[in-house]
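Residues per chain are reported as follows:
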Amino acid sequence: MRFEHLIEINSPKVAVQTVVSVFTREQLWRGLMARVQTPQRFPNGPESCDWQETAPGVFSRTLKFGQHAFKDEVHTVPQQSMQFTPEPHGETAPIRLTISIEEPQPHQMVLRFVYVAMGEQTAEEAYYNDYRHNAWLHNDRDMVRSLREWLDNGEFASNSH
């Protein structure tokens, strides 16, 4: 199973830029790092997240959702991409997420989200893939909406993140 989508962050169209705040790559990266280090700030995020940087750009995390805890490892390439690799839990095939910053043309920046199953999916899991795809797309849009709110509120104005 592989699911991929793009979300435009900055548009080359001047009219859109006058309505929507424009991110620098550094500001966008800082927002994405918030998804690594403080995912509880985002809609549908965990209640808490414990993390440590185990090597430069590599984060080991424990995400807590009520009584459930999930572990993953995040590999980052600063201002380019991050890859979330969950530890297996139960009999469900883990899903790896890669988020990449791309600039297809001048003044345009997009995020590419790629979800890949790390093993064979059961027929039952495959049955739910359309629901998963829809949920991931909405979650990623909510994340970008949060980043835009933070940008508009001045959270990326200093080096506090």
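Above this note sits the structure.
Here's what I pulled together on the structure shown here. Everything quoted here is computed from the prediction, not taken from an experiment.

Criteria and thresholds
Residues numbered from 1 in each chain as written. Predicted model: local features only at pLDDT ≥ 70, side-chain atom pairs only at ≥ 80, totals over all residues. Heavy atoms only, no water. Pairing = 2+ DSSP bridges. Helix = DSSP H or I, 4+ residues; strand = E, 2+ residues; numbered from the N terminus. Phe/Tyr/Trp six-rings, centres within 6.5 Å; stacked < 30°, edge-to-face > 60°. Buried < 20%, exposed > 50% of the residue type's maximum accessible area, 1.4 Å probe, protein only. Core = buried A, V, L, I, M, F, W, Y, C linked by side-chain atoms within 4.5 Å. Contact = heavy atoms within 4.5 Å.

## Brief notes about the pairing of strand β5 (residues 81-86)
Piece 1. As paired elements, strand β4 (residues 68-77) and β5 share 6 bridges and run antiparallel to each other. Each residue of the ladder has a partner; that of Asp 72, found in β5, is Pro 86.
Piece 2. What sits between the antiparallel neighbours β4 and β5 is a turn of 3 residues, in which Gln 79 has the positive phi angle 60°.
Piece 3. For β5 and strand β6 (residues 95-102), the ladder comprises 4 bridges, and the chain directions are antiparallel. The residue of β6 that forms the bridge with Gln 83 is Thr 98.

## Quick word on the packing of aromatic side chains
Piece 1. Taken as a whole and judged by the stated rule, the model has 9 aromatic pairs.
Piece 2. Ring plane angle 35° and centroid distance 6.3 Å describe the contact between Phe 3 and Trp 136, whose orientation is recorded as tilted. Of this pair, Phe 3 sits in strand β1 (residues 2-10) while Trp 136 sits in helix α4 (residues 129-152); the two residues are 133 residues apart in sequence, bridging distant segments of the chain. Of the two residues, Phe 3 and Trp 136, both sit in the buried class.
Piece 3. Judged by centre distance (6.0 Å) and plane angle (70°), the rings of Phe 65 and Phe 70 are edge-to-face.

## Here we look at the nonpolar core
Piece 1. Counting 31 residues, the largest nonpolar core has Leu 28, Leu 32, Met 82 and Leu 111 as the members making the most contacts within it.
Piece 2. At the level of secondary structure, the elements contributing two or more residues to this core comprise β1, α2 (25-37), β5, β6, β7 (109-117) and α4.
Piece 3. Discounting residues that sit within four places of it in the chain, Leu 28 has contacts with Ile 9, Phe 23, Ile 101, Met 109, Leu 111 and Leu 147.

## Quick word on the side chain of Ser 81
Piece 1. For Ser 81, the position within the fold is in strand β5.
Piece 2. We classify Ser 81 as buried; its relative accessible area is 19%.
Piece 3. Every residue in contact with Ser 81, bar those within four places of it in the chain, is listed here: Trp 29, His 75, Thr 76, Ile 99 and Ser 100.

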